[in-house]
Amino acid sequence: MTAIEIGHIGTSGAQYQYRTCKFTGRRVERSAELLIRANAVAAVVFLAVGGLFGLLVALTRWPAVQLLPADWFYLVLTGHGANVLLFWIIFFEIALLYFASAVILGSRIATPKFAWLGFLLMIVGAVMANYAVLKGDSTVMFTSYPPMLAEHWFYLSLILFAVGALIGVIVFFATLVVAKAENTYNGSVPLVTFGAITAAIIAVFTLASGAIILVPTWLWSLGLISGIDTLMYKIVWWGMGHSSQQINVAAHISIWYAIAAMTVGAKPLSEKVSRFAFLMYILFLQLASAHHLLAEPGLSSAWKIVNTSYMMYLAVMASMIHGLTVPGAVEAAQRRNGYTRGWFEWLTKAPWGNPAFSGMFMSLVMFGFIGGITGVILGTEQLNVLMHNTIYVPGHFHGTVVAGTTLAFMAMTYIVVPLIFQRDIILPGLAKWQPYIFGLGAGGISLFMMGAGTLGVPRRHWDIAMTDAANAYEFSPAAYLMMGLNGISAIFAATGGLLFVLLIVGSVLFGRRLDVPGAKLNFPLHDDSKVVSQYGSEATFKLPGTVTLVTIFFLTFILYYFVNWKYLSEIWQFN
Amino acid sequence: MAINAPTNRLWWKEPIHSIELGWIIIAFLWGLFMFFFMIAWHFIGDQNLSTETYRITTDQFQEKVEAFADEYAVKDANGEAVEINGTPLVAPPVGGDVYILGRLWEWWPAIELKKGQSYRFHISSVDWQHGFSLQPVNINLSVHPGLEHVLTLTPTKAGEYGIVCNEFCGIGHHTMSGVIRVVE
């Protein structure tokens, strides 16, 4: 079948089944739709498993609760990382890639059978990894640094998962070729698709790095290789570990643009600037794994400084650009929608009751203020020594991956379910609150973990009281307070996460059918006919609200940056 | 809209608006500043991580640490070695070398330093990777087996300091601890 389909490129034929979406007017092909559904469902299942593990981790690290025994804690922590950071996010990203290619471009998906093979491999890999971890002899944490050794199934499961994901990425590229050949769209690809392309290109690099390091590590676990160099492992592993976070960033920023377009009718302020910023991720972010290695021996300062920043933090610049253009596009669109009073009416009258919009905007704000700024601090050669491997690090990346990526993906799901599953969101009154509950929890765990990390609390540590240690170090009471607040925040995040899973599963199974005539959405999309004014043009818009927001952001950034240098200058001298 | 093809087919010829251009310039200059400030701190700052590192076998390193601990062991009035909770206390000479090894699950031995004096620390592991986390100073380093990391440390305040492990190293990770005592 596959071969025949390739032979028919260019003959947009009757063998493909299309429907026209009544809400967006887009052509949706059946196989693309089914693949998006399958990947999205798998994503939500692994989010549920990984999220539960996350709650158990946070409750164990709450000193007053310390829920799990030590061996279970480390086991569950390993499982938490794999399920949420890999399986939830990458399944969702594959769904997103198919959405951004087939649905947005109105094309059929290329080689659907090959895509199903990829999906199957990912499922097998993800289930096998959970089996290996839960069996108990692969408690090596997400990073699996040698010479600590997991069972060989663990490495094999990750390799299978990565191969499956790579197949999904290849199908995405092939779909772009099909869409181009069959002329399903005019001119350049939309910005969201462009963002997805950058994510996919980074994914190829990421999966290649993963193969380069995980295949030898797997052979080592089978006894075919005598050892793995610990420093080399870290350098190559982070080529995967960090770059995979760049896939997330490119993906969730594409989602910001997509949701802004679909909920308030936002168009990019300037296509050139937004695309250039995406392009910079490919050029400058994927290799920047060096900031994980700033506290390592054996790598020169020059190597660290150059590779953590590429001379001028160009990837940070790219994120700062999106940080202006996304709210800027929302502001311009809202002013076109008639909300022109003062500096902030566009924001106060935004559709805050629509979980897609509220989730997107909170993701934007928290990714910038919490995840972004602290990431730069961690990526500064000398400052890194202040918090390397303390719980500040998980605090930072929960700001990026949970408050940023996961919240954006959740927000997108509120659009994907009605449009692709053709079922409406159930219990809209409750769904409205879900992003706020989850966002509050996610923001809380990020901030409180960072607070504890500043006080020296280590990451991946069962007992900061160090009860059984010969020379226990006594952490300050503030550190205990922070870990307790982290536990409370985790309960909020888990409640929001559980609510999300129930709402989405409930909507998919029991939501009102939308494929009947006259069906309306509980959370309507933006109606472009309601645009009341022609607000400015690319050359003349004014964005006082956005300028105020980015000014606050920039001042916060500078202040926090120098606070950390001041703190560094007061500790023991070392060189 | 971002989900449609650009309305202007020649989008790359559109001018960039002044707000965007201004922000790009600010972000670029700030990035450049942050890059040069890391370099500048090597000249103006007192906290820069040494990257002096030697490859060494874990056995060789263990021998060096044991020889160091024997030579500078602190003795009490009866000539008995002083221990802190079972860990021998070692007082290296001012300006001298200090050897600390990480192993499952302790930092060994305990060290006594003089405030305001510099010491050359040699840190390595004899089994898995560990995280050398000096508290409450909050200096955090990665420690690899087979790599001897040498850095100069100058304590600026007297007191009892703890070393915690912050790289996961197995089921006893949370019991891994060490002591550095700084005296006037």
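All of these numbers come straight from a predicted model, not from anything done at the bench. (Residues numbered from 1 in each chain as written. Chains lettered and ligands numbered in written order. Predicted model: local features only at pLDDT ≥ 70, side-chain atom pairs only at ≥ 80, totals over all residues. Heavy atoms only, no water.)

Student: What's the story with the pairing of strand β12 (residues 177–183) of chain B in this structure? I'm lost.
Tutor: In summary, the side chains of a regular strand alternate between the two faces of the sheet. Residue and element names in this part refer to chain B. In terms of burial, β12 is a largely internal element, five of the seven residues being buried. Where strand β11 (residues 159–165) lies against β12, six bridges are found, and the strand directions are antiparallel. Bridging from a neighbouring strand, Gly162 pairs with Val179 of β12. (Buried < 20%, exposed > 50% of the residue type's maximum accessible area, 1.4 Å probe, protein only. Helix = DSSP H or I, 4+ residues; strand = E, 2+ residues; numbered from the N terminus. Pairing = 2+ DSSP bridges.)

Student: It is not clear to me how the packing of aromatic side chains should be interpreted in this structure. Could you clarify?
Tutor: By convention here, two paired aromatic rings are described through the distance between centres and the angle between planes. A full pass over the atoms with the stated rule returns 51 aromatic pairs over all chains. Note on Phe554 of chain A and Trp23 of chain B: the rings are 5.9 Å apart at their centroids and 80 degrees apart in plane angle, and the pair reads as edge-to-face. Of the two residues, Phe554 of chain A is situated in helix α19 (residues 544–569) and Trp23 of chain B in helix α1 (residues 18–44); the pairing between them involves two chains. Owing to a relative accessible area of 16%, Phe554 of chain A belongs among the buried residues under this scheme. Aromatic ring contacts, followed pair by pair, group Phe369, Phe553, Phe554, Phe557, Tyr561, Phe562 and Trp565 of chain A together with Trp23, Trp30, Phe33, Phe37 and Trp41 of chain B into a single cluster. Taking NZ or CZ as reference, Lys234 of chain A lies 4.6 Å from the ring centre of Tyr145 of chain A, over its face. (Phe/Tyr/Trp six-rings, centres within 6.5 Å; stacked < 30°, edge-to-face > 60°. Lys NZ or Arg CZ within 6 Å of the ring centre and 35° of its normal.)

Student: What am I meant to see in a negative patch on the surface here?
Tutor: On the surface, Asp59, Glu63, Glu66, Asp70 and Glu71 of chain B cluster together to form a negatively charged patch. Looking at the element boundaries, Glu71 of chain B is found in helix α2 (residues 58–71). (Patch = residues over 30% accessible without salt bridge, like charges linked within 9 Å, V, L, I, M, F, W, Y side chains within 5 Å. Areas by Shrake-Rupley, 256 points an atom, 1.4 Å probe, with all protein chains shown as cover. Salt bridge = Lys/Arg side-chain N within 4 Å of Asp/Glu carboxyl O. Lys, Arg positive; Asp, Glu negative; His and termini not counted. Charge placed at Lys NZ, Arg CZ, Asp CG, Glu CD.)

Student: Looking at this structure, how should I read the pattern of salt bridges?
Tutor: Between side chains of opposite charge, a pair can form as their charged atoms come close. Inspection of the entire model under this criterion finds 23 salt bridges over all chains. Of the charged contacts, one joins Asp229 of chain A and Arg55 of chain B as a salt bridge, the two residues approaching to 3.2 Å between their closest N and O atoms. With one member in each of two chains, Asp229 of chain A in the loop between α6 (191–221) and α7 (230–241) and Arg55 of chain B in strand β1 (residues 52–55) form a pair that bridges those chains. On the basis of relative accessibility, which here comes to 62%, the residue Arg55 of chain B falls in the exposed class. With a closest N to O distance of 3.9 Å, Glu167 of chain B and Lys234 of chain A form a salt bridge. Of this pair, Glu167 of chain B sits in the loop between β11 and β12 while Lys234 of chain A sits in helix α7, each in a different chain. Accessibility classification places Glu167 of chain B together with Lys234 of chain A in one group, the buried group. Connected through shared salt-bridge partners, Arg19, Arg30, Glu33 and Arg37 of chain A make up one network.

Student: Looking at this model, I keep getting lost on the side chain of Ser133 of chain B. Mind explaining?
Tutor: Along the chain, Ser133 of chain B falls in strand β8 (residues 130–135). You can call Ser133 of chain B buried: its relative accessible area is 0%. Within the structure, the side chain of Ser133 of chain B is placed 2.8 Å from the side chain of Gln135 of chain B, a separation counted as a polar contact. Once you skip the residues sitting within four places of it in the chain, Ser133 of chain B turns out to touch Gly456 of chain A together with Ile139, Asn140, Gly162, Ile163, Val164 and Asn166 of chain B. (Polar contact = N/O pair within 3.5 Å; in protein donor to acceptor, adjacent residues only side chain to side chain. Contact = heavy atoms within 4.5 Å.)

Student: Just checking my understanding: could you explain the environment of Thr78 of chain A for this structure?
Tutor: Residue and element names in this part refer to chain A. In this fold, Thr78 is placed in helix α3 (residues 70–105). Under the relative-accessibility criterion, Thr78 is labelled buried at 1%. Spatially, the C-alpha atoms of Thr78 and Leu166 are 23 Å apart, while their sequence positions differ by 88 residues. Residues contacting Thr78, with those up to four places away along its chain left out, are Val133, Ser138, Thr139, Val140, Met141 and Phe154. Separated by 2.9 Å, the side chain of Thr78 and the backbone oxygen of Tyr74 make a polar contact.

Student: Explain the interface of chain B and chain A here, please?
Tutor: Interfaces are often described in size by the accessible area the parts lose on coming together. Listed per partner, the contact involves 86 residues of chain B and 111 residues of chain A. Interface of chain B and chain A: buried area, both sides summed, is about 8,700 Å²; carbon and sulfur atoms make up 66% of it. Here chain B and chain A share three salt bridges between them. The closest approach of N and O atoms between Glu167 of chain B and Arg460 of chain A, which form a salt bridge, is 3.8 Å. Linking chain B to chain A there are 44 residue pairs in polar contact (both at pLDDT 80 or more). If you list the elements that add at least two residues to the side of chain B that touches chain A, you get α1, β1, β8, β9 (139–143), β10 (147–154), β11 and β12 of chain B. Among the elements that line the side of chain B that touches chain A, the one with the most residues is α1 of chain B, at 18 residues. Classifying every residue of the side of chain B that touches chain A gives 46 nonpolar, 31 polar and nine charged. Of the pairings in the sheet, the one linking strand β3 (residues 573–574) of chain A to β10 of chain B comprises two bridges and is antiparallel in character. (Buried area = accessible area lost by both parts, 1.4 Å probe. Nonpolar A, V, L, I, M, F, W, Y, C, P; charged D, E, K, R; others polar.)

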